[in-house]
2 protein chains.
Amino acid sequence: MKLDKIDKELLNLLQNDSKRTTKEFANELKLSTTAIYERIKRLERSGIITGYVALIDRTKVDRSFTVLCHVKLIQHIKDFVIQFEREVLKLKEVVECFHTSGDYDYILKIHVSDMQAYRDFMITKLTAIRHIGSTQSSFIINEVKNSTAVFLE
Amino acid sequence: MKLDKIDKELLNLLQNDSKRTTKEFANELKLSTTAIYERIKRLERSGIITGYVALIDRTKVDRSFTVLCHVKLIQHIKDFVIQFEREVLKLKEVVECFHTSGDYDYILKIHVSDMQAYRDFMITKLTAIRHIGSTQSSFIINEVKNSTAVFLE
DNA sequence: ACTGAAACATTGGTTTG
DNA sequence: CAAACCAATGTTTCAGT
């Protein structure tokens, strides 16, 4: 699907606040509410907009402790990859898991309440997965920037 | 603010789809629409819900290439830290930047169109920031899991 | 792009545990 | 007394034109 300038501006706005009304977007982008409405529906139908979600403040729900954990498998072979990925998907503490190039095979983002909870998570859940060679945990000291929005221009 | 079981279930639902109606949530959680409505407002007022956003499919808007870039400063002193963080905030390609423990000082998530665009980004933008000692880029081969939702129980 | 009907969010007054 | 409910109003969405 081809996006014009207005589609991109609309996507930037929706990625920052999806609860504004079509009327507001219409005023800001100098179009009618119906025009905006139809553009949004088109973006949804085309699969560009995949959904709408609420974002929460993790510090207020006892999930302040975030860790980026680098994982290397014993051997990077198909069976091990499949099993590791399947097991990781089950772990609720893991919000992101990327298969990456570089020194490690995977990088995971993990949210828990505190260091003790992380220790428990590592011992009883993560390293319980077979074929893990080594891990290296980077604790998050500070979130300098943390956005879900991809800037379009 | 104290959260009961229903608040947590409601937060789990809202984190996965915020466009459902209060009526739907009401049916699912066996409460009236007003009760759900009031709980949502309370979660918003308390700051637990920080906002609502649209999520997009990056592969459809020419931002398929994601890199996790590890950055080490020449020296981890206050002035360098402040300047680096200030400059990183300006870079639209950087969606996340975490100050971390471990071998590197920062881990950044970067969305660009392709490898060539990443090369341009590195040369003209990232390494143009002063005081960077070294960088190590991990290219994302596959997204095994990628969620914005923190599971509550 | 406009309009009107239907669905939804929202509020005040009321009830319940 | 706080949380849930009911009913009534104002907004937004959205199909048909």
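Residues numbered from 1 in each chain as written. Chains lettered and ligands numbered in written order. Predicted model: local features only at pLDDT ≥ 70, side-chain atom pairs only at ≥ 80, totals over all residues. Heavy atoms only, no water.

As named in an unreviewed UniProt entry, chain A is Lrp/AsnC family transcriptional regulator, taken from Pelagihabitans pacificus.

### Quick word on the environment of A149 of chain B
Within the element layout of this structure, A149 of chain B appears in the segment after β5 (132-146). Between the alpha carbons of A149 of chain B and L11 of chain B there is a distance of 9.0 Å; along the sequence they are 138 residues apart. Discounting residues that sit within four places of it in the chain, A149 of chain B has contacts with V95 of chain A together with Q15 and N16 of chain B. (Helix = DSSP H or I, 4+ residues; strand = E, 2+ residues; numbered from the N terminus. Contact = heavy atoms within 4.5 Å.)

### Describing the packing of helix α1 (residues 5-16) of chain B against helix α2 (residues 22-29) of chain B
All names here are of chain B. α2 packs onto α1 with a crossing angle of 135° between their chain directions and a minimal axis gap of 11 Å. Put simply, α1 runs oblique to α2. The element α1 and its partner α2 pack so that their crossing is right-handed. Seen from α1, the contacting residues are I6, E9, L10, L13 and L14; seen from α2, they are F25, E28 and L29. Each residue belonging to the contact of α1 with α2 can be placed in one class, and the counts come to six nonpolar, no polar and two charged. (Axes fitted to C-alpha atoms, helices over the stretch in contact; angles between N-to-C directions. Parallel < 35°, antiparallel > 145°, perpendicular 65-115°, else oblique. Left-handed = near helix turned anticlockwise from the far one by under 90°. Nonpolar A, V, L, I, M, F, W, Y, C, P; charged D, E, K, R; others polar.)

### So, the relation of the copies chain A and chain B
Mapping chain A onto chain B leaves a residual RMSD of 0.0 Å; the transformation is a rotation of 180° accompanied by 0.0 Å of translation along its axis. Given the turn and translation reported, the copies of this chain are related as if by a two-fold rotation axis. Among all residues of chain A, the minimum C-alpha distance to the rotation axis is found for V53 of chain A, at 2.9 Å. When you check the interface residues of chain A against chain B, 100% turn up at the interface there too, and the contact is symmetric in its surfaces. (Least-squares fit on C-alpha atoms with pLDDT ≥ 70 in both.)

### Thoughts on the domain arrangement of chain A
We note that the domain assignment places domain 1 (5-45) and domain 2 (58-139) within chain A. The C-alpha-based centres of domain 1 of chain A and domain 2 of chain A are spaced at 38 Å. (Domains from an automatic or database assignment.)

### Quick notes on the protein's contact with DNA strand D
Taken together, T21, T22, Y37 and K41 of chain A together with L31, S32, T34, A35, E38 and R39 of chain B make up the full set of residues near DNA strand D. Of what DNA strand D places within 4 Å of the protein, 76% of the atoms are sugar or phosphate. Within the contact set of DNA strand D, a phosphate oxygen lies 2.7 Å away from a side-chain nitrogen or oxygen of T22 of chain A. Between a phosphate oxygen of DNA strand D and a side-chain N or O atom of R39 of chain B, the distance comes to 2.7 Å. Broken down by element, the surface near DNA strand D gets its largest block of residues, four residues, from helix α3 (residues 33-45) of chain B. A per-class count over the surface near DNA strand D returns three nonpolar, four polar and three charged. (Near = heavy atom within 4 Å. Polar contact = N/O pair within 3.5 Å; in protein donor to acceptor, adjacent residues only side chain to side chain.)

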